[in-house]
Amino acid sequence: MRKLTFELEFITPAFIGGADPKDAELRPASFVGLLRWWWRVVLATFIRNTEELFKYESLLFGSQDRAGSVYLRLVDVPKASQKMNENLYILGQGALGRKYINAKQKFKVVLICEDKYVKLLESLSRLAFNFGGIGYRARKGLGSMYIVGEEENLEVFKPQHWEKILKDTGIKTETPNMDLPNLKNLTILKKTESFTDWEDALRKLGELYREIRLKERKTPEYLSMVYYFLRNQSKNINPSRVELNNLPLGLPIMYSLARKEGDKTVRVQAQLTWKLDREDNVSDRRRASTVLFNIKPGSIYALVFKCKFLPEGASLRLQAKGKYWNNSNPRPKDFYIPANIWERRYNTLLNSLIDNLERIGFRRVSI
């Protein structure tokens, strides 16, 4: 067995819940999950069949039926810092009052594996640890880190780099699965940006994120759909005309409208999510963003995967949330955008997102 050791340093705070979700704790399972996700990205670059893909994923990291071939432990684990009191846009409400692992904290990840997996895990670790994030809002720049002492190297994004490694490991390389995130449907963009500290980095990323999401200080889907829904005017919504520019950034999306109720101001709420069919009773289905933002010293990366967003036939669902509905403003019925309307526009939405990123200073990176 061989031992690989990587010293990592956080660039931005990491919110990783332990037994107490308000506390912060670095756990091996979080790093196994990160490696496993990027391993799936690599495998989908060469394997279309999902059963075959899962077989090789389990070979390395295990499943319910078998133990994995890689063992991971953490050394010199940093302690949780104080509670977050910064009210930064990119943090969202979920970070306030939570403890976190602070930026500039160093620790080691130790991987133990058979000799035949050494080159594979060296490359996979450089991909996951240098361009992935860990914990809450990892896809929005939180929990960004890097391998200490190593220069930024984009070689690990090249399919040909992985083709040789997989063949040497005995894994056949065939047709990619374009429904899943993989290295062949990935567009890499980078913006050079100087930061004074992690707060400055997250503040600047938040400003960029706002520029991507908002139109006239509201999101496009709010102006074309949610505005009418919250006022019980769904009859004025044309599903074919709804602007869904923010769909690739993940679901659910929450919206609110302030209104007076007696002598106080309350907010009625709505949530955009998705549903498999009208009998699907799960109310809060999630879909992670297919865009990953990662902060580096002196730059921000945006990794855009042009993969399938939702299962075949899934509808988008706008539903009322919260308690401030009454007889004068009754809770509206769920509003749906059928799959045949949004699915055919999705690739256009992704291309528009990339155009918007370039408009605000990101540049495509050729590898």
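Assigned secondary structure in the chain consists of 8 helices and 12 strands. A compact globule built from 367 residues should have a C-alpha radius of gyration of about 21 Å, and the chain, at 22 Å, falls within 12% of that. Along the longest, intermediate and shortest principal axes, the C-alpha atoms of the chain span 70 × 45 × 40 Å. Out of the 367 residues belonging to the chain, those deemed buried represent 51%. Here the analysis covers contacts within the chain between residues at least 6 apart in sequence; of these, 74% occur between residues at least 24 apart. Accessible surface, the chain as shown: approximately 17,800 Å² in total, 45% of it carbon and sulfur. Here the chain carries 62 positive and 42 negative side-chain charges, and the mean point of each set is 4 Å from the other.

This part is about the nonpolar core. Formed by 62 residues in total, the largest nonpolar core has its most connected members in Phe 293, Leu 316 and Trp 342. The biggest single contributor to this core is helix H5 (residues 198-213), with 7 residues. Phe 293 has contacts with Ala 138, Arg 139, Lys 140, Gly 141, Leu 205, Tyr 209, Ile 212, Ile 300, Tyr 301, Ala 302, Leu 357 and Phe 362, leaving out every residue within four places of it along the chain. Grouped together as the second largest cluster of nonpolar side chains are 59 residues, Leu 43, Cys 113, Leu 154 and Val 156 included.

In space, the 4 strands of this open sheet follow the order E2-E3-E1-E4, with antiparallel pairing throughout. One side of each edge strand has no neighbouring strand; the edge strands of this open sheet are strand E2 (71-75) and strand E4 (145-147). Each neighbouring strand pair of the sheet contributes to a mean axis angle of 30°, computed without reference to strand direction. Across the face of the sheet, helix H1 (residues 28-44) comes into contact with strand E1 (2-10), E2, strand E3 (106-113) and E4 while running at roughly 130° to E2. Lying over the sheet, helix H3 (residues 118-131) contacts E1, E3 and E4, oriented at roughly 10° with respect to E1.

Across the junction of Leu 251 and Pro 252, the peptide omega takes the value 5°, indicating a cis bond. Positive phi is not limited to glycine here, since Asp 76 has a value of about 55°. Note on placement: Asp 76 falls in the loop between E2 and E3. For Lys 104, which is not glycine, the phi torsion reads 75° and is therefore positive. For Lys 104, the location among the structural elements is in the loop between E2 and E3.

Another point: H3. Between its terminal C-alpha atoms H3 stretches 20 Å, which fits the 20 Å expected from 14 residues at 1.5 Å a residue. In terms of residue burial, H3 counts as a mostly covered element, since 11 of its 14 residues are buried. Among the residues of H3, those classed as buried are Val 118, Leu 120, Leu 121, Ser 123, Leu 124, Ser 125, Leu 127, Ala 128, Phe 129, Asn 130 and Phe 131.

Attention now moves to the sheet that holds strand E12 (residues 363-364). Spatially, E8-E9-E5-E12 is the arrangement adopted by the 4 strands of the open sheet, whose pairing is antiparallel. Among the strands making up the open sheet, the edge pair consists of strand E8 (291-296) and E12. Here strand E5 (residues 186-192) pairs with strand E9 (residues 299-305) via 7 bridges, running antiparallel. Residue pairing across strands places Ile 188 opposite Leu 303, the latter belonging to E9. The sheet strands contacting H1 are E8 and E9, and the helix crosses E9 at an angle near 55°. Packing of H5 onto the sheet brings it into contact with E5, E8 and E9, and relative to E8 it is tilted by some 150°.

Here the focus is the packing of aromatic side chains. Under the counting rule described, the total for this entry stands at 20 aromatic pairs. Centre to centre, the rings of Phe 15 and Tyr 100 are 5.5 Å apart; their planes meet at 40°, and the pair counts as tilted. Taken as a pair, Phe 15 in the loop between E1 and H1 and Tyr 100 in the loop between E2 and E3 lie far apart in primary sequence, 85 residues in all. For the pair Phe 15 and Tyr 100, one class covers both residues: buried.

This brings us to the packing of H3 against helix H4 (residues 159-168). Across the interface, H3 lies against H4 with an axial gap of 9 Å and an inter-helix angle of 150°. Accordingly, the angle class assigned to the pair H3 and H4 is roughly antiparallel. Between H3 and H4 lies a crossing of left-handed hand. Residues Lys 119, Leu 120, Ser 123, Leu 124 and Leu 127 of H3 pack against His 161, Trp 162 and Ile 165 of H4.

What counts and what doesn't
- Residues numbered from 1 in each chain as written.
- Predicted model: local features only at pLDDT ≥ 70, side-chain atom pairs only at ≥ 80, totals over all residues.
- Heavy atoms only, no water.
- Helix = DSSP H or I, 4+ residues; strand = E, 2+ residues; numbered from the N terminus.
- Rg over C-alpha atoms; globule rule 2.2 N^0.38 Å.
- Buried < 20%, exposed > 50% of the residue type's maximum accessible area, 1.4 Å probe, protein only.
- Contact = heavy atoms within 4.5 Å.
- Areas by Shrake-Rupley, 256 points an atom, 1.4 Å probe, with all protein chains shown as cover.
- Lys, Arg positive; Asp, Glu negative; His and termini not counted.
- Charge placed at Lys NZ, Arg CZ, Asp CG, Glu CD.
- Core = buried A, V, L, I, M, F, W, Y, C linked by side-chain atoms within 4.5 Å.
- Pairing = 2+ DSSP bridges.
- Axes fitted to C-alpha atoms, helices over the stretch in contact; angles between N-to-C directions.
- Expected span 1.5 Å × (residues − 1).
- Phe/Tyr/Trp six-rings, centres within 6.5 Å; stacked < 30°, edge-to-face > 60°.
- Parallel < 35°, antiparallel > 145°, perpendicular 65-115°, else oblique.
- Left-handed = near helix turned anticlockwise from the far one by under 90°.

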